[in-house]
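Inside the fold
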Amino acid sequence: MKKVMISIIAWCFCLCNYGQEIIVDFHEEVIRHEYSIADMDGDYVIDSFYYNTQNDSIMFSLSTHHFRPFGLKYEVKENTSIRLMATLGGFTISSIHELETRTEHYKYDVNLNKFRLIFLRHEQKENKEETLYSLDLLTGKYKILLSRYDVEADSMFVYSDVSKIINHSPIFWGESNFDLQNKLLFRESQEYLILEEADI
């Protein structure tokens, strides 16, 4: 009976925390949902992670590492909130600071035992305009969406949509300082817009 109760409790814990979004708000000093679990390393065994505010690290417990906890450094700016979520085969982390949001999607590389950055997104809002940069590192597709608020329609509308292909070597955790707002990339995209006679 005791084993059954323990199994039920463990099952309930898993159900409540599977894919649960962890929210750490450094401005309000609030942490919501301390743990998130999923099969993060793709071996059909449930893993877990959480954010350690004491040493600014994401702490992992993976079956492929025999559940030995290890941390990956992730420092956060002042007045910033972060959101983390375990996903099937990896995890997602978003950093929100004022009117900017940066989201990174990672997938576990079973051959190298590392988390590889597979998708990057940067959203910026200012003066009723939104700029969205994204990069799919598996396909190399780099995209810029420029949106503006339409008063009459009371909604945002996209007035510029640019895509290009970027050849980039794999990026792993700790190397993810890729700048989606790189001036060279943006300038090249603007030149592309002009050539295509896009409405900007």
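Residues numbered from 1 in each chain as written. Predicted model: local features only at pLDDT ≥ 70, side-chain atom pairs only at ≥ 80, totals over all residues. Heavy atoms only, no water.

1. Here's the deal with the overall build of the protein chain
A tally of regular secondary structure across the protein chain gives 2 helices and 14 strands. For the protein chain, with 200 residues in total, the buried portion stands at 36%. Taking as baseline every contact in the protein chain between residues at least 6 positions apart, the subset at least 24 positions apart corresponds to 36%. Roughly 12,600 Å² of accessible area belongs to the protein chain as shown, and the carbon and sulfur atoms make up 53% of that amount. (Helix = DSSP H or I, 4+ residues; strand = E, 2+ residues; numbered from the N terminus. Buried < 20%, exposed > 50% of the residue type's maximum accessible area, 1.4 Å probe, protein only. Contact = heavy atoms within 4.5 Å. Areas by Shrake-Rupley, 256 points an atom, 1.4 Å probe, with all protein chains shown as cover.)

2. Considerations on the packing of aromatic side chains
By the definition in use, this model includes 11 aromatic pairs. Summarising the aromatic geometry, the rings of Phe-49 and Phe-60 are spaced 5.5 Å apart at their centres and angled 45° between planes, so their arrangement reads as tilted. Within this pair, whereas Phe-49 is found in strand β4 (residues 47-52), its partner Phe-60 is found in strand β5 (residues 57-61), the two being separated by 11 residues in sequence. A single burial state applies to Phe-49 and to Phe-60, both of which are buried. Measuring from ring centre to ring centre gives 5.8 Å for Phe-91 and Trp-173, while their planes differ by 55°; the resulting arrangement is tilted. One end of the pair, Phe-91, is in strand β8 (residues 90-97); the other, Trp-173, is in the loop between β14 (171-172) and α2 (183-195), and 82 residues separate them in sequence. Take Phe-91: its relative accessible area is 1%, and that puts it in the buried class. The rings of Phe-49, Phe-60, Phe-70, Tyr-74, Phe-91, Tyr-106, Tyr-108, Phe-115 and Trp-173 are connected pair by pair, giving a single aromatic cluster. Above the plane of the ring of Phe-172 lies Lys-114, whose end atom (NZ or CZ) is 5.3 Å from the centre. (Phe/Tyr/Trp six-rings, centres within 6.5 Å; stacked < 30°, edge-to-face > 60°. Lys NZ or Arg CZ within 6 Å of the ring centre and 35° of its normal.)

3. Concerning the sheet that holds β5
A sheet is described by the order of its strands in space; here 4 strands give the open sequence β3-β4-β5-β6, paired in antiparallel fashion. In the strand order of this sheet, the two ends are held by β3 (36-38) and β6 (70-73), each with one partner. The average angle at which neighbouring strand axes cross in this sheet is 25°, direction not considered. Where β4 lies against β5, 5 bridges are found, and the strand directions are antiparallel. (Pairing = 2+ DSSP bridges. Axes fitted to C-alpha atoms, helices over the stretch in contact; angles between N-to-C directions.)

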